[in-house]
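As a plain string of letters, each chain reads:
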Amino acid sequence: MASGDPSSDGFVLWTRLAVSPLSGDGRGGMPARDVEVDWQVSTDERFSTIVKSGTATARARDAHSVHVELNGLEPGRDYFYRFRSEGRLSPAGRTRTTPTGETTPLTFAVAACAHYEHGYYTAYRRLAEQEPDLVVFLGDYMYEYGPSGYTALAGRVRTHTPGKCQTLADYRLRHAQYKSDHDLQAAHAVAPWLVAFDDHEIENNWAGPVSSTGAPGFARRRAEAFRAYYENMPLRRASLQGAVLKVNRRISWGTLARFHLLDTRQFRDDQACLDGVRAGCDDRLADKRTLLGAGQWSWLEDGLRGSTTRWNLLGQQIMMAHRDYKVGPGREVNLDSWDGYAAERTRLLGSLARTSNPVVLTGDAHMHHLAELKTDFDDPDSPVVARELVASSIASDGDGYRDRTWISEALQENPHISYIDQRRGYLVARLTRDDLSVDFRTLDYISRRGAKAKTAHRLTISALTGAAAAGQAGAPRIG
Ligand SMILES: [Fe+2]
């Protein structure tokens, strides 16, 4: 069970029934008939005051998943929820409506990339223990590979369900396996999530309609992976639009902040120069190349221009800062990241320069990064438009390591990046009108259970106000 996409008067409650989650057909051991599920929402953990309740139908054709969209609740407060079906009662989850107007501080966590084989989900457990108001999850919630399809340095601590995910049944089964993890369950039970997918929920490095392997039948595979993703996530019904899964959306937290969730995968042009980390690819600079697609671009522009909140937080998947992977002369960039769509990045940074206190939140990299986003990364005097906070992975790439030589070379090569950490972890940020304070949380290992989480790095960003906030680059504020 989980909750997500909070509004000022509601949220989505999600559950999926499975008596035998790992049954091979992806149906969780459920019968072919629909099943009724009762749900309750309370203002207290003991459910002594039930404020909403009802019955939903878990349909067999939806893999017995349930999405209940609530409204009519009070803004800015905790609620508790639970489900009951066929005599079984679920544990209780905590969720929250967004506030209206001036608000108390917001504590939110940022996480990404949770390869199940690579380690235990202790990072999810530690995140849950911090009891954030909101969890922002930026992609690679699950991985499509078969057993050992992608092995971490530290090997694997547990094994994926058989085979690479190709069919609806495969994806449903894989989601069920991930959701069976108790640490992940704890992280869902603590707060509403804002989720967006990246590549591995479907296939490594896919781009729009194009499979990275060129295998036929990708349109069908993508549609089935989207369906399974929707069935297993606390998303609103409106997000599944036929073969399109719409996850770019906005959530406002009173007048304090607006989250702009992006989809940097579904509407992009194919990667330039055959993808990968490469040197000498001029195509990546082409003006017409798009990462967001025309529709999402104008939606984002409108949202940034029309935003009246103090802070604007962009949640998106891939590294936005330029990153040169080659030590010394010459340059190698990751063509799957914004470096492969450089002209659109420059246009977006131009828009962010006219936006009130923009901060970019990113996943994908499997390492913490703290970067300054600049309109010209090669010019040390180019103004800083926004900070980018990249959350390391929950589990992908296993224990990680601290190769200080490698890190110092990477930092030297990229002077706009001030911190890199290759260990597993997540971010916890506290946001007030005046400051965004970010803890980069790390764990020393995940190949065994029980690691503590530590704050390896902390940063406080002060809000710019008035004219300064309106345009760090000197531009007047629009809207
Ligand atoms: Fe990943």
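Keep in mind that this is a model prediction, so the values were computed, not measured. Sequence order sets the numbering: in each chain, residues are counted from 1 along the sequence as written. For this predicted model, a pLDDT threshold of at least 70 governs which residues receive local features, and a threshold of 80 or more governs which side-chain atom pairs are given and counted, while totals over whole chains, interfaces and linings are taken from all residues. As a rule here, side-chain values cover all heavy atoms of the structure and leave hydrogens and water aside.

Some points on the overall build of the chain
1) Next: The helix and strand labels rest on DSSP assignments: H or I over at least four residues marks a helix, E over at least two residues marks a strand, and numbering proceeds from the N terminus. The helix and strand tally for the chain stands at 8 helices and 25 strands.
2) Next: We compute the radius of gyration from the C-alpha atoms alone; for a globule the expected value is 2.2 Å times N to the 0.38, where N is the number of residues. Taking 479 residues into account, the globule formula puts the C-alpha radius of gyration at 23 Å, and the chain, at 22 Å, falls close to it.
3) Next: Viewed in the frame of its principal axes, the chain has a C-alpha envelope of about 65 × 50 × 40 Å.
4) Next: Exposed residues in this analysis have more than 50% of their type's maximum accessible area, buried residues have under 20%, and partly exposed residues fall in between, with area computed by a 1.4 Å probe over protein chains only. Expressed as a percentage of its 479 residues, the buried residues of the chain come to 59%.
5) Next: In what follows, a contact means two residues having at least one pair of non-hydrogen atoms within 4.5 Å. A sequence separation of at least 24 residues applies to 70% of the contacts in the chain between residues at least 6 apart.
6) Next: Averaged over its 60 positive side-chain charges, the chain has a centre that lies 4 Å from the centre of its 60 negative ones. Working convention for charge: Lys and Arg count positive, Asp and Glu count negative, and His plus the chain ends are omitted. A single reference atom marks each charge: NZ on Lys, CZ on Arg, CG on Asp, CD on Glu.

Things to note about the layout of surface pockets
1) Next: In this analysis a 1.4 Å probe is tested at points of a 1 Å grid over the protein atoms alone, and where it fits but cannot get out there is a cavity; an open set with protein on both sides within 12 Å along at least five of seven lines is a pocket; lining residues have an atom within 4 Å of a point. Grid points are joined across faces, edges and corners, and a volume is the space filled by probe spheres set on the points. Here the largest pocket is characterised by a volume of approximately 830 Å³.
2) Next: Lining the largest pocket are 30 residues, with Met1, Thr15, Arg16, Leu17 and Ala18 sitting closest to its centre.
3) Next: Only β2 (12–16), β3 (35–42), β6 (78–85), β7 (88–89), α2 (168–179) and α3 (182–190) provide two or more residues apiece to the lining of the largest pocket.
4) Next: Of the residues contributing to the lining of the largest pocket, the split by class is 16 nonpolar, 9 polar and 5 charged.
5) Next: Each domain's limits were defined by an automated method or a database of domain assignments. The residue makeup of the lining of the largest pocket includes at least three contributed by each of domain 1 (1–97) and domain 2 (104–470).
6) Next: The space that makes up the second largest pocket amounts to roughly 640 Å³.
7) Next: Every residue lining the second largest pocket is counted, 29 residues in all, and those nearest its centre are Tyr150, Asp364, Ala365, His366 and Asp397.
8) Next: Throughout, the ten residues Ala, Val, Leu, Ile, Met, Phe, Trp, Tyr, Cys and Pro are labelled nonpolar, Asp, Glu, Lys and Arg are labelled charged, and all others, Gly among them, are labelled polar. A class-by-class count of the residues in the lining of the second largest pocket yields 11 nonpolar, 10 polar and 8 charged.

Overview of the pairing of strand β9 (residues 106–111)
1) Next: Summarising burial for β9: 6 of the 6 residues are buried, a large majority.
2) Next: Where burial is concerned, the two faces of β9 agree: the one with Leu106, Phe108 and Val110 and the one with Thr107, Ala109 and Ala111 are both buried.
3) Next: Any two strands with at least two DSSP-identified bridges between them are counted as paired. Bridge count between β9 and strand β23 (residues 424–431): 5 bridges; the pairing is antiparallel. Bridge pairing in β23 links threonine 107 to arginine 430.
4) Next: For β9 and strand β10 (residues 134–137), the ladder comprises 4 bridges, and the chain directions are parallel. Of the residues in β10, the one forming a bridge with valine 110 is valine 136.

Things to note about the confidence of the model for the chain
1) Next: The predictor rates its confidence in each residue with pLDDT, a number between 0 and 100. Mean pLDDT over the chain stands at 95; residues scoring 70 or higher make up 97%.
2) Next: Mean pLDDT per element in the chain: helix α8 (residues 466–470) is the minimum at 46, and β10 is the maximum at 99.
3) Next: Low pLDDT (under 50) marks residues 467–479, which in the prediction has 28 contacts with non-local residues, meaning those over four places away or in another chain.

A look at the coordination of the iron ion
Between any two of four tetrahedral donors, the ideal angle at the metal is 109.5 degrees; between two of six octahedral donors, it is 90 or 180 degrees.
1) Next: Protein coordination of the iron ion is provided by Cys113 (SG), Asp140 (OD), Tyr143 (OH) and His366 (NE2), with donor distances spanning 2.1 to 2.6 Å.
2) Next: Seen from the iron ion, its 4 donor atoms lie at angles of 86 to 170 degrees, and the figure they make is irregular.
3) Next: Coordination of the iron ion draws on donor residues from a single chain, spaced C-x26-D-x2-Y-x222-H in sequence. In this pair, cysteine 113 sits in the loop between β9 and α1 (122–129) while tyrosine 143 sits in the loop between β10 and α2, placing the two residues 30 residues apart along the sequence. Excluding water, the donors of a metal are its N, O and S neighbours within 2.8 Å, or within 3.2 Å for Na, K and Ca, and that exclusion means sites may look incomplete. Every angle between 85 and 135 degrees makes a four-donor site tetrahedral, while opposite donors more than 155 degrees apart, with all other angles between 65 and 115, make a four-donor site square planar and a six-donor site octahedral; other sites are irregular.

A short note on the environment of arginine 250
1) Next: Relative to the elements of secondary structure, arginine 250 occurs in strand β14 (residues 249–253).
2) Next: A residue is classified by how much of its surface remains accessible, and arginine 250, at 29% relative accessible area, is partly exposed.
3) Next: Between the C-alpha atom of arginine 250 and that of leucine 262, which follows or precedes it by 12 residues, the distance is 9.0 Å.
4) Next: Sequence-distant contacts of arginine 250, defined by excluding residues within four places in its chain, comprise Arg258, Phe259, His260, Trp299, Leu300 and Gly303.

Things to note about the side chain of asparagine 357
1) Next: Within the secondary structure layout, asparagine 357 lies in the loop between α6 (342–352) and β19 (358–362).
2) Next: Judged by its relative accessible area of 4%, asparagine 357 is buried.
3) Next: Polar contact is defined as a pair of N or O atoms within 3.5 Å, subject to the rule that within protein one atom must be able to donate a hydrogen and the other to accept it, and that residues adjacent in sequence are counted only when both atoms are side-chain atoms. There is a polar contact of 3.1 Å between the side chain of asparagine 357 and the backbone oxygen of arginine 310.

What about the side chain of serine 437?
1) Next: Within the secondary structure, serine 437 sits in strand β24 (residues 435–443).
2) Next: Relative accessible area serves as the criterion here: at 16%, serine 437 is assigned to the buried category.
3) Next: For serine 437, the contacting residues outside a window of four places in its chain are Val428, Ala429, Arg430, Arg458, Leu459 and Thr460.

Topic: the domain arrangement of the chain
1) Next: The domain boundaries assigned to the chain delineate domain 1 (1–97) and domain 2 (104–470).
2) Next: Distance from the C-alpha centre of domain 1 to the C-alpha centre of domain 2: 27 Å.
3) Next: On the side of domain 2, 30 residues touch domain 1, which itself brings 32 residues to the contact.
4) Next: When residues of domain 1 are sorted by the area they lose upon contact with domain 2, Asp5, His67 and Arg94 head the list and together hold 26% of the total.
5) Next: Definition used for salt bridges: Asp or Glu carboxyl oxygen within 4 Å of a side-chain nitrogen of Lys or Arg. Where domain 1 touches domain 2, the interface holds 4 salt bridges. Buried surface area refers to the total accessible area, computed with a probe of radius 1.4 Å, that the two partners give up upon joining, counted for both partners together.

Thoughts on the packing of α1 against α3
1) Next: To get an axis, fit a line to the C-alpha atoms, keeping to the stretch in contact for a helix; angles then go from 0 to 180 degrees between the N-to-C directions. For the pair α1 and α3, interaxial distance at closest approach is 7 Å and the crossing angle is 25 degrees. Comparing the axis directions of α1 and α3 gives the class roughly parallel. Helix-helix and strand crossings are classified by hand; for α1 and α3 the assignment is left-handed. Contact residues: Thr122, Tyr124, Arg125 and Ala128 in α1; His182, Asp183, Leu184, Ala186, Ala187 and Val190 in α3.
2) Next: Split by residue class, the contact of α1 with α3 holds 6 nonpolar, 2 polar and 2 charged. For classification purposes, an angle smaller than 35 degrees is called roughly parallel, one larger than 145 roughly antiparallel, one from 65 to 115 roughly perpendicular, and anything else oblique. Take the far helix as the reference: if the near one is turned anticlockwise from it by less than a right angle, the crossing is left-handed, and if turned clockwise, right-handed.

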